[in-house]
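Architecture and fold: a report
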Amino acid sequence: YQPAPLSEKTLPETFVVQISVLYKVPVIFSIVSGDGKGYFIIDSSTGIVRTRKNFKLEDFPVTFNVRATDSSNPSIFNDVSVNVEVIDENDFPPVFPSSLLEERLEENLPATQIVQLKAQDSDTGRNGFLTYGILSGDGLKFRIDEATGILYSTASFDYEEECTEYQVVIYAEDDGIPEKKRGYCTVVIKIID
């Protein structure tokens, strides 16, 4: 049996799967092995499996065995395995270690790497997979590598002729389900003579 995956936020008493048998006399269902942490409970007469308590994501997937026993002769039984997967919900937004960074950039440099931004996301899988982008700031003068988070200048700056301070707001976005989450960091770039 491979029931539909369950959310990590699944509540106790949630239906998981119904085990069924074709047999001439009533059977007694029981969970015999594989559910060491006691996440599941089975109704001995209907074969309906439900959750018994809240999940810890790191304990899954779980494969447990259900036994159907002949109610009139305990030596006649059959076992099936049930494999339960749990989906990591997108709990956490990406977080930058600092929400404000100051960087200095010399004037008259060709396009160059300024700083690498690195956000953290406590989710697993695609919920923790990050891409970077520029939310606001001078998009003609700066670009960011969406995979590495490296911020580059795209042109040289003239200290005498142009603005000497730029603010660029960077975001990190996860690839979360059901919704993507973002974290932000402002980089202040000071042009120095």
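Below: a short report on this structure. These numbers come from a predicted model, not from an experiment.

One open sheet accounts for 3 strands, arranged β10-β13-β12; its pairing is antiparallel. Taken across any chain shown, the strands that pair with only one partner, and hence form the sheet edges, are β10 (113-116) and β12 (142-144). Adjacent strand axes in the sheet meet at a mean angle of 20° when their direction is disregarded. Across 3 bridges, the pairing between β10 and strand β13 (residues 150-153) is antiparallel. Bridging across to β13, Val115 finds its partner in Leu151.

Looking at the element boundaries, Val27 is found in strand β3 (residues 27-33). Judged by relative accessible area, which is 15%, Val27 ranks as buried. The spatial distance from the C-alpha of Val27 to the C-alpha of Ser98 is 61 Å, given a sequence separation of 71 residues.

The subject of this paragraph is the pattern of salt bridges. Here the structure, examined in full by the defined rule, presents 9 salt bridges. Asp91 is the partner of Lys9 in a salt bridge, and the nearest nitrogen-oxygen pair spans 2.5 Å. In this pair, Lys9 is assigned in the loop between β1 (6-7) and β2 (15-18) and Asp91 in the loop between β8 (86-87) and β9 (100-106), connecting sequence segments 82 residues apart. Close ionic contact of Glu173 with Arg182 constitutes a salt bridge, the shortest N to O distance being 2.9 Å. Among the residues examined, Arg182 registers a relative accessible area of 32% and is labelled partly exposed. Ionic contacts of the salt-bridge type, sharing partners, join the residues Arg126, Asp175 and Lys180 into one network.

With that settled, the discussion passes to the side chain of Asp88. With respect to the helices and strands, Asp88 occurs in the loop between β8 and β9. The charged side chain of Asp88 is buried without a salt bridge, its nearest counter-charge being Lys9 at 7.2 Å. In terms of polar contacts, Asp88 uses its side chain to reach the side chain of Thr124, at 2.8 Å. When near neighbours in sequence (up to four residues on either side) are disregarded, Asp88 contacts Glu8, Leu57, Asp123, Thr124 and Asn127.

Next up on the list: the packing of aromatic side chains. All told, the structure shown has 11 aromatic pairs when counted by the stated rule. Between Phe40 and Phe55, the aromatic rings sit 6.1 Å apart at their centres with planes inclined by 50°, giving tilted as the arrangement. You can see Phe40 sitting in strand β4 (residues 40-42) and its partner Phe55 sitting in the loop between β5 (48-51) and β6 (62-70), a full 15 residues away along the chain. For Phe55, a relative accessible area of 9% corresponds to the buried category. Between Phe96 and Tyr132, the ring centres sit 6.3 Å apart and the planes meet at 55°, which makes this aromatic pair tilted. Pair noted here: Phe96 is in the loop between β8 and β9 and Tyr132 is in strand β11 (residues 130-136), with a separation of 36 residues, a long-range link. No difference in accessibility class separates Phe96 from Tyr132, as the two residues are buried. A connected cluster of aromatic rings, assembled from ring pairs, spans Tyr39, Phe40, Phe55, Phe60 and Phe64. Above the ring of Tyr39, the side-chain terminus of Lys53 is found at 5.1 Å from the ring centroid. Cation over ring: Arg182 sits above Tyr171, and NZ or CZ is 3.6 Å from the ring centre.

Formed by 20 residues in total, the largest nonpolar core has its most connected members in Phe96, Leu117, Phe142, Leu151, Ile170 and Ile189. If you list the elements that add at least two residues to this core, you get β10, β11, β12, β14 (165-174) and β15 (182-192). Not counting residues up to four positions away in its chain, the partners in contact with Ile170 are Phe96, Leu117, Gly133, Ile134, Ile144, Leu151, Gly183, Tyr184, Cys185 and Val187. Ranked by size, the runner-up nonpolar core spans 19 residues in total, among them Val16, Ile19, Phe29 and Val84.

Rules behind the numbers
Residues numbered from 1 in each chain as written. Predicted model: local features only at pLDDT ≥ 70, side-chain atom pairs only at ≥ 80, totals over all residues. Heavy atoms only, no water. Pairing = 2+ DSSP bridges. Helix = DSSP H or I, 4+ residues; strand = E, 2+ residues; numbered from the N terminus. Axes fitted to C-alpha atoms, helices over the stretch in contact; angles between N-to-C directions. Buried < 20%, exposed > 50% of the residue type's maximum accessible area, 1.4 Å probe, protein only. Salt bridge = Lys/Arg side-chain N within 4 Å of Asp/Glu carboxyl O. Lys, Arg positive; Asp, Glu negative; His and termini not counted. Polar contact = N/O pair within 3.5 Å; in protein donor to acceptor, adjacent residues only side chain to side chain. Contact = heavy atoms within 4.5 Å. Phe/Tyr/Trp six-rings, centres within 6.5 Å; stacked < 30°, edge-to-face > 60°. Lys NZ or Arg CZ within 6 Å of the ring centre and 35° of its normal. Core = buried A, V, L, I, M, F, W, Y, C linked by side-chain atoms within 4.5 Å.

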